[in-house]
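# Examining the three-dimensional arrangement
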Amino acid sequence: MCTALTFNSSSHYFGRNLDVELSYNEEIVITPRNYPFHFRKMPSATTHFAMIGMATVVDDYPLYFDATNEKGLSMAGLNFPDNAHFFPLHDKKDNISPFEFIPYILANFATVDEARHALTTINLVDIPFNASLPLAPLHWIIADQQQAIVVESTKDGLHVFQNDIGILTNNPTFDFHRLNLSNYRQLSASNPTNSLSNKIDLPAYSRGMGAIGLPGDLSSASRFIRATFMKFNAVKPTTENLSVSQFFHLLQSVAMPMGACEISPHVYEYTLYSSCCNMDEGIYYYKLYNNSQIVAVHLFHELIDCSKIIRYPLQHQQQINHIN
Ligand SMILES: C[C@H](CCC(=O)NCCS(=O)(=O)O)[C@H]1CC[C@H]2[C@@H]3CC[C@@H]4C[C@H](O)CC[C@]4(C)[C@H]3C[C@H](O)[C@]12C
């Protein structure tokens, strides 16, 4: 399971939790403008927008989980098991494999509007990366500084939803999550008045009672509601450091401590990383399960006109500031 979100405060931010039971040897990967992307069924892109994000590199190819390009366009793939369906080759469409989807969109487009237009001719084709890396059942959030959409390829075709919430979790389909929010319209950040009955005295014995009923579990539906409540009530700080800190607090509210979600005996899903990318400045911040220090990698500190991908291994070592 995973949660992705956008947040606008001092800058525009895009990030996600990756909740998994195992690592895929992911690292921070910068793909510069002249790295040649050889697509399986589309012409190669030899010069394109540069991008930064989390990826597994196989045969010098960046298999992105989430990334942001030099214009700020951002995209993340989240699990969508049983629902995701990819199609055979369609000779009248632009055939993009799911593993090429993030590279293709971020290489070519600067805005969600441009991406949405391209999606009208895209067929997500069922070509795996190789025999040992099968098709991953994903759906995607694509966001720029102004808006977000969700892309879901299911048995009945490719669906593009406007995402006015700027949040994505996992199953079921996005339209369910959007409608389900209405079930929580009574939630409030302020203490509620007694609307049950004016004939009974019901003192507000605690702060935070406006959020009673906010689901606390780790299911996809509940994380969608919780992330929405936190995001739409979040104070927007005016400095970079405070905004990044606030963003990680939002992700923390839907994170998975190891042990709380057992997927098979003694195997637990946990939040391997949380990311927060400043879309305006190309700064990719991340935290790891066992390293709470924020690490930042800057897209624009590199020579983004080169042709070789630049890799930064994750820093898993916990950093504790022992002060005596
Ligand atoms: C597992 C993750 C989703 C997390 C999640 O939700 N886990 C709960 C499972 S469950 O919902 O509880 O059942 C997803 C998110 C992004 C994916 C990579 C995308 C690039 C590449 C695509 C290739 O085709 C296959 C290998 C590849 C490296 C992918 C591996 C894996 O699939 C990744 C990490």
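All values reported here derive from a predicted model rather than from experimental measurement.

Basis of the calculations
Residues numbered from 1 in each chain as written. Predicted model: local features only at pLDDT ≥ 70, side-chain atom pairs only at ≥ 80, totals over all residues. Helix = DSSP H or I, 4+ residues; strand = E, 2+ residues; numbered from the N terminus. Rg over C-alpha atoms; globule rule 2.2 N^0.38 Å. Buried ≥ 20, exposed ≤ 12 C-beta atoms within 10 Å, placed from the backbone. Pairing = 2+ DSSP bridges. Contact = placed C-beta atoms within 7 Å. Axes fitted to C-alpha atoms, helices over the stretch in contact; angles between N-to-C directions. UniProt positions renumbered as here; feature names shortened; annotations may be inferred. Near = placed C-beta within 6 Å. Nonpolar A, V, L, I, M, F, W, Y, C, P; charged D, E, K, R; others polar. Expected span 1.5 Å × (residues − 1). pLDDT = per-residue confidence, 0-100.

### A short note on the overall build of the chain
Along the chain, the regular secondary structure elements total 5 helices and 18 strands. At 20 Å, the chain has a C-alpha radius of gyration in line with the 20 Å of a compact globule built from 324 residues. Viewed in the frame of its principal axes, the chain has a C-alpha envelope of about 70 × 60 × 45 Å. Per-residue burial for the chain yields a buried fraction of 39% across its 324 residues.

### Regarding the sheet that holds strand β2 (residues 12–20)
Reading across the sheet, the 6 strands line up as β12-β1-β2-β15-β16-β17 and stay open at both edges, with antiparallel pairing between neighbours. At either margin of the open sheet sits one strand with a lone partner, and together these are β12 (167–168) and β17 (291–298). Relative to β12, strand β1 (residues 2–8) is paired through 2 bridges, and the arrangement is antiparallel. Within β12, the residue paired with Leu5 across the bridge is Ile167. The strands touched by helix α4 (residues 220–233) within the sheet are β1 and β12, with β1 carrying the most contacts at an inclination of about 20°.

### Description of the UniProt feature "domain: Choloylglycine hydrolase/NAAA C-terminal" (unreviewed entry) in the chain
UniProt records the feature "domain: Choloylglycine hydrolase/NAAA C-terminal" (unreviewed entry) at residues 2–311, using the numbering of this structure. Secondary structure within residues 2–311 divides into 17% helix and 33% strand; the distance between the first and last C-alpha atoms comes to 23 Å.

### Observations regarding the site of the ligand
As a matter of local geometry, the ligand sits amid 23 residues, with Leu63, Phe65, Asn79, Phe99 and Ala136 nearest to it. Counting only elements with at least two residues in the shell around the ligand, the list comes to β2, β5 (61–69), β6 (74–79) and α1 (98–108). For the shell around the ligand, the per-class residue count stands at 17 nonpolar, 4 polar and 2 charged.

### Remarks on α4
End to end, α4 covers 20 Å across 14 residues, agreeing with the expected 20 Å (1.5 Å per residue, within 8%). Of all the positions in α4, only Ser220, Arg223, Phe224, Ile225, Arg226, Ala227, Thr228, Phe229 and Met230 are classed as buried. Buried residues in α4 make contact with β1, β12, α3 (174–180) and α5 (240–252).

### Some points on the pairing of strand β15 (residues 270–278)
Counting buried positions over the 9 residues of β15 gives 8, a clear majority of the element. In this sheet, β15 lies alongside β2 in antiparallel orientation, the contact comprising 8 bridges. By the bridge assignment, Gly15 is partnered in β15 with Cys276. Relative to strand β16 (residues 283–288), β15 runs antiparallel, the two being bridged by 6 bridges. The partner of Tyr273 across the bridge, within β16, is Leu288. Hairpin connection between β15 and β16: a loop of 4 residues separates the two successive antiparallel strands, and Gly282 in this loop has a positive phi of roughly 65°.

### Some points on the confidence of the model for the chain
Taken as a whole, the chain shows an average pLDDT of 97; of its residues, 100% reach a score of 70 or greater. Scoring the predicted complex yields pTM 0.97 and, for the interface, ipTM 0.92.

### Regarding the environment of Asn25
Its location among the elements puts Asn25 in the loop between β2 and β3 (27–31). Take Asn25: there are 11 C-beta atoms within 10 Å of it, and that puts it in the exposed class. Taking C-alpha positions, Asn25 is 8.8 Å from Pro313, a pair spaced 288 residues apart along the chain.

### Overview of the sheet that holds strand β10 (residues 148–154)
Strands sit in the order β11-β10-β9-β6-β5-β4-β3-β18 across an open sheet of 8 strands; the sheet is antiparallel. Two strands bound the open sheet, and with one partner strand each, they are β11 (157–162) and β18 (310–313). In this sheet, neighbouring strand axes are inclined to one another by 30° on average, regardless of whether the strands run parallel or antiparallel. Relative to β11, β10 runs antiparallel, the two being bridged by 6 bridges. In the strand pairing of β11, Val151 is matched with Val160. Its contacts with the sheet put α1 on β4 (51–58), β5, β6 and β9 (138–143), and the angle it makes with β5 is roughly 45°. Along the sheet, helix α2 (residues 112–119) makes contact with β9, β10 and β11, crossing β10 at roughly 20°.

### Quick look at unusual backbone geometry
Negative phi is the rule for most residues except glycine; trans is the rule for most peptide bonds. Between Asn171 and Pro172 the backbone carries a cis peptide bond, its omega angle lying at -10°. Along the chain, Pro172 falls in the loop between β12 and α3. Phi angles above zero are rare outside glycine, and Asn25 is one such case at about 55°. Not every positive phi belongs to a glycine, and Asp60 is a case in point at roughly 65°. Structurally, the position occupied by Asp60 is in the loop between β4 and β5.

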